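Read off the chains here:
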Amino acid sequence: MESPMDVRLKPLVEQAYCSALACHGDLDLEPEQYTSHVLSVARKHLGSSVSHATAFAFINTLHTNDLYLSVACAKPSDVAWERFIVLYRAFIEKAASTVASTDDAAHAIADRITGHIFLPNGSGRSRIGSYEGRSSLATWLSAVINNAAIKEQNRCNRLEQLEGSHDVVDYALPRTVDAALRARTYASLVLDSLAVAGESLSEQERFILALRYEDDLQGYEIAAILGIHPSTVTRRLQRVYDKLRAKTISNLESEHQLSQFAIEECVDDIRENPGYSVLSFLRTST
C-alpha cells in the first residue's frame with residue numbers, strides 16, 4: 001500500500017521520468033520501475049513524517065536524469081549501457097588518468113570500471129543500482145574510480161613487498177609437496193575432463209575466449225569486434241566459465257567416479273596449476 005507521501009510525490013516523479021525520457025531516449029525502463037526507485041530513495045532519507053514541502057524540495061535536488069540512466073543500467077538494459085558508454089567512456093578514461101600513478105594503471109582502471117559497476121555488490125544488486133542521484137552520476141563515478149585507484153596502488157605495493165622479500169621468494173619457488181603429489185595423481189583425469197569440457201563449447205564461445213586470452217583483448221575491444229555492449233561480453237564470458245567448470249566437474253564425477261573430496265582436489269589443482277590455463281580449453285577443443 002502506498003504511503004501518503006508516495007501519493008503526493010508520484011506526480012512530481014512521473015514528471016521527472018518524462019523529462020529524463022526526453023533527455024536520454026527510451027532505455028527500456030518502465031515508469032513504474034523509475035518511480036519505485038526514486039520514491040525508495042526519498043523514503044530512505046526522509047522517513048514518512050516529513051512535510052509535503054520538504055519532500056518536494058528533496059526530489060527537486062535529485063539528479064533525476066542521471067537516475068533514469070542508472071536505474072535502466074541496473075535493470076539491466078543493453079540500450080542503457082550503450083548510452084552510458086557514449087556519455088561516460090571518455091570521462092572514465094580521463095578521470096582514471098588523473099588519479100592513477102601510471103598510464104598502464106589508468107588504462108587498467110578504466111577498463112575494469114564498467115564491468116565493476118555492472119556486477120553485483122555484496123547485496124546482490126548491480127553496483128550502479130546503488131547510485132541515489134544525490135550527486136551527479138559523474139561525481140559518483142569519480143568516487144568509484146578514485147577507490148579503484150587506491151586499491152590498484154595497494155595491490156602494486158603488496159607485489160613490490162613480495163618481490164623484495166627473500167623469504168617469500170624462497171618459499172614460492174618450489175611447489176609444495178602436497179601440490180606436486182596432487183598434480184601427479186590427477187593430471188590425466190583433469191586433462192581428460194578439460195578436453196571434454198572444451199569439446200562442449202560452441203564456436204561462438206571458443207571465439208570469445210580466443211579474443212580474450214589468445215589475442216589479450218579487453219572487454220570493450222571484444223565488444224567493438226562483436227558489435228555488442230561491454231557488459232554483454234562480461235556476462236557471456238561468465239557463462240562460458242560456469243559451463244566449463246560444470247562440464248569438468250561432471251566428467252570427473254561421472255566418467256572417473258571421483259569422490260567429492262577428490263573433485264575438490266582436482267578443482268584446486270586446475271586453479272593453482274599454470275599448466276591448466278583457459279587457453280587449454282581452446283587447445284583441447286580444436
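Residues numbered from 1 in each chain as written. Predicted model: local features only at pLDDT ≥ 70, side-chain atom pairs only at ≥ 80, totals over all residues. Heavy atoms only, no water.

Asker: Please clarify how the confidence of the model for the protein should be interpreted in this entry.
Answerer: For residues with low pLDDT, the predicted coordinates do not support detailed interpretation. Per-residue confidence for the protein gives a mean pLDDT of 79, with 79% of residues at or over 70. The least confident element of the protein is helix α8 (residues 166-172), whose mean pLDDT is 39; the most confident is helix α4 (residues 64-74), at 94. Note that pLDDT drops below 50 for residues 158-177; the model gives that stretch 8 contacts with residues more than four away or on any other chain. (pLDDT = per-residue confidence, 0-100. Helix = DSSP H or I, 4+ residues; strand = E, 2+ residues; numbered from the N terminus. Contact = heavy atoms within 4.5 Å.)

Asker: When you look at α4 in this model, what are you seeing that I'm missing?
Answerer: Turn by turn, an α-helix covers 3.6 residues, leaving residues three or four places apart pointing in a common direction. Taking burial as the measure, the 11 residues of α4 include 9 buried ones, the bulk of the element. If you check which residues of α4 are buried, you get T64, D66, L67, Y68, L69, S70, V71, A72 and C73. (Buried < 20%, exposed > 50% of the residue type's maximum accessible area, 1.4 Å probe, protein only.)

Asker: Before we go on, may I ask you to explain the pattern of salt bridges in this structure?
Answerer: Any two side chains of opposite charge can pair, so long as their charged atoms come close to each other. Taken as a whole and assessed by the stated rule, the structure comprises 7 salt bridges. Residue R235 pairs with D78 through a salt bridge whose shortest N-O separation is 3.0 Å. Pair noted here: R235 is in helix α12 (residues 230-254) and D78 is in helix α5 (residues 78-99), with a separation of 157 residues, a long-range link. Between E93 and R89 there is a salt bridge whose closest N-O contact spans 3.0 Å. Residue E93 and its partner R89 are both found in helix α5; the two are separated by 4 residues, about one turn of the helix. On the accessibility criterion, E93 (38% relative accessible area) is partly exposed. (Salt bridge = Lys/Arg side-chain N within 4 Å of Asp/Glu carboxyl O.)

Asker: What is the right way to read the nonpolar core from this model?
Answerer: The nonpolar side chains of soluble globular proteins are, as a tendency, buried together. In this structure, Y34, I59, F84, I117, L137 and W140 are the most contacted members of the largest nonpolar core, which totals 47 residues. With residues near it in sequence (within four places) discarded, W140 still touches I117, R127, I128, S130, Y131 and S135. Counting 12 residues, the second largest nonpolar core, distinct from the first, contains L209, I222, A223 and L237. (Core = buried A, V, L, I, M, F, W, Y, C linked by side-chain atoms within 4.5 Å.)

Asker: Would you explain the layout of surface pockets in this entry?
Answerer: To find the voids left in a structure, one rolls a probe of water-molecule size over its atoms. By volume, the largest pocket is sized at about 420 Å³. Lining the largest pocket are 22 residues, with D111, G115, G219, T234 and L237 positioned closest to its centre. Those elements giving two or more residues to the lining of the largest pocket turn out to be α5, α6 (103-118), α10 (203-214), α11 (219-226) and α12. (1 Å grid on protein atoms, 1.4 Å probe; cavity = no way out; pocket = protein on both sides within 12 Å on 5 of 7 lines; lining within 4 Å. Points joined across faces, edges and corners; volume = space filled by probe spheres on them.)

Asker: Is there a simple way to think about a negative patch on the surface in this case?
Answerer: Negative charge collects at one region of the surface, where E14, D26, E30 and E32 lie side by side. Looking at where E30 falls in the secondary structure, it is placed in the loop between α1 (4-24) and α2 (31-46). (Patch = residues over 30% accessible without salt bridge, like charges linked within 9 Å, V, L, I, M, F, W, Y side chains within 5 Å. Areas by Shrake-Rupley, 256 points an atom, 1.4 Å probe, with all protein chains shown as cover. Lys, Arg positive; Asp, Glu negative; His and termini not counted. Charge placed at Lys NZ, Arg CZ, Asp CG, Glu CD.)

Asker: Looking at this structure, I do not really get the packing of aromatic side chains. What am I missing?
Answerer: How two aromatic rings sit relative to each other is given by the distance of their centres and the angle of their planes. Enumeration over the complete set of coordinates arrives at 7 aromatic pairs. Summarising the aromatic geometry, the rings of Y34 and Y68 are spaced 6.1 Å apart at their centres and angled 65° between planes, so their arrangement reads as edge-to-face. With a gap of 34 residues between them, Y34 in helix α2 and Y68 in helix α4 connect regions that are remote in the sequence. Across this residue pair, the class does not change: Y34 and Y68 are buried. Grouping aromatic residues by their ring pairs yields a cluster made of W81, F84, Y88 and F91. The ring of Y220 carries the charged tip of R89 above its face, separated from the ring centre by 4.4 Å. (Phe/Tyr/Trp six-rings, centres within 6.5 Å; stacked < 30°, edge-to-face > 60°. Lys NZ or Arg CZ within 6 Å of the ring centre and 35° of its normal.)

Asker: Can you walk me through the packing of α2 against α4 in this structure?
Answerer: How two helices sit against one another is set out by the angle between their axes and by the gap between those axes. It is at 10 Å that the axes of α2 and α4 come closest, and there the two elements cross at 115°. Handedness of the α2/α4 crossing: right-handed. Counted together, Q33, Y34, H37 and V38 of α2 and T64, L67, Y68 and V71 of α4 form the full contact between these two elements. Among the residues forming the contact of α2 with α4, the class breakdown is 5 nonpolar, 3 polar and no charged. (Axes fitted to C-alpha atoms, helices over the stretch in contact; angles between N-to-C directions. Left-handed = near helix turned anticlockwise from the far one by under 90°. Nonpolar A, V, L, I, M, F, W, Y, C, P; charged D, E, K, R; others polar.)

Asker: Explain the side chain of D6 to me, please; I cannot follow it from the model alone.
Answerer: Relative to the assigned elements, D6 resides in helix α1. Taking relative accessible area as the criterion, D6 reaches 7% and is therefore assigned buried. In contact with D6, not counting residues within four places along its chain, are L39 and R43.

Asker: Please explain unusual backbone geometry as it appears in this structure.
Answerer: A negative phi angle is the norm for most residues apart from glycine, just as the trans form is the norm for most peptide bonds. Each neighbour pair has its own omega, and for K75 with P76 the value is 0°, a cis peptide bond. With respect to the secondary-structure elements, P76 resides in the loop between α4 and α5. For D28, which is not glycine, the phi dihedral falls at a positive 60°. Tracing the chain through its elements places D28 in the loop between α1 and α2. Even without a glycine there, the phi angle at Q257 is positive, about 55°. Turning to its location among the elements, Q257 is positioned in the loop between α12 and α13 (260-272).

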